[in-house]
Each structure stands twice: as structure tokens, then as C-alpha cells.
Amino acid sequence: MVVDQYMNFHEYQKIMDSEGLRNSMAVKLYLTKAAHFYNQQKALQQAVGSHPHNLALSAELRRVDESRVENVWLAIETAKAEKLQGWQYLEDGSDYVNTLLVKYEGQMDRCSRLESLKTEYIEILEEMQQRQIKNGA
């Protein structure tokens, strides 16, 4: 994902409110990742302040900030997708997969490409959630 717009909390909240988006569990996963990058960014800013000519530190600071912004945008895009489809990936994901199991009589290889991508995304989000729980985030 190419990050082309800076994002702070107030801008994030304005987008969420104006589009009627919700902070689901999946959205919160991305926001937690963004917060992690924000904390790294603050530490790196101090290091860059102490060593302003260190190009490696400056490059890492840019990378961390871009990762923070990217995760905020991923949160927004996830909220938009959830709103459009009318269900949330983590809260309702098992119901979605169970519906597919019934629909295809347990033969998930018969799913459409979109259905398969949604189930893969649910799995990715569940793994991310487990990593965050394990790491205490």
C-alpha cells in the first residue's frame, strides 16, 4: 500500500464519523499496530534529535512513520469493507465461514474467488489478533 496522506487521530476520527464507520475488532487490530509504530516513532525522534546527521536513523524514522500511517489507512479500509458487506470480519467471521461450509457442503474449494479471499483475510486477522494477545498489545 502506498501511503500518500499523513494521518493523525483527529483526521482518522473525522473520516470514521463522516462515513459512519465503526471501530470493530479488526479495525482496532490495525490501530494497535499503528500505536506500536507511533511509540517507535517517538523513540526514534529522540535518537534523531541526538544524532541529526545519522541517515540510517532518519530513514528508519520515515519507515516507521509510513508504517504507522499505512496501518491507520488499513483500519479505515477495513471499516469501509465491513460497512459495505454488512458484517465484521472478526465478530462475524465464523458465521460467514460456517455459512460457506453449509452452502458448499463442506467443500470450500468450490468457493468463489471473493469468498476465498474473505476467508483468507479472516484467518490473517485472527492470526494478527493472536500475535497481539501473545505479545501483550
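The structure presented is a predicted model; accordingly, all values stated were derived computationally and were not measured. (Residues numbered from 1 in each chain as written. Predicted model: local features only at pLDDT ≥ 70, side-chain atom pairs only at ≥ 80, totals over all residues. Heavy atoms only, no water.)

*Asks:* Sorry, what's going on with a negative patch on the surface here?
*Replies:* Where like charges cluster on the molecular surface, the negative patch consists of Glu120, Glu123, Glu126 and Glu127. Mapped onto the elements of the fold, Glu127 is located in helix α5 (residues 113–134). We classify Glu127 as partly exposed; its relative accessible area is 48%. (Patch = residues over 30% accessible without salt bridge, like charges linked within 9 Å, V, L, I, M, F, W, Y side chains within 5 Å. Areas by Shrake-Rupley, 256 points an atom, 1.4 Å probe, with all protein chains shown as cover. Salt bridge = Lys/Arg side-chain N within 4 Å of Asp/Glu carboxyl O. Lys, Arg positive; Asp, Glu negative; His and termini not counted. Charge placed at Lys NZ, Arg CZ, Asp CG, Glu CD. Helix = DSSP H or I, 4+ residues; strand = E, 2+ residues; numbered from the N terminus. Buried < 20%, exposed > 50% of the residue type's maximum accessible area, 1.4 Å probe, protein only.)

*Asks:* Looking at this structure, how should I read the packing of aromatic side chains?
*Replies:* Any pair of aromatic rings gets described here by the distance separating the centres and the angle formed by the planes. Evaluation of the coordinates by the stated rule reveals 4 aromatic pairs. An angle of 70 degrees between the planes, with centres 5.4 Å apart, marks the rings of Trp87 and Tyr89 as edge-to-face. No difference in accessibility class separates Trp87 from Tyr89, as the two residues are buried. Summarising the aromatic geometry, the rings of Tyr89 and Tyr121 are spaced 4.8 Å apart at their centres and angled 90 degrees between planes, so their arrangement reads as edge-to-face. With Tyr89 in helix α4 (residues 89–103) and Tyr121 in helix α5, this pair connects stretches of sequence that are 32 residues apart. (Phe/Tyr/Trp six-rings, centres within 6.5 Å; stacked < 30°, edge-to-face > 60°.)

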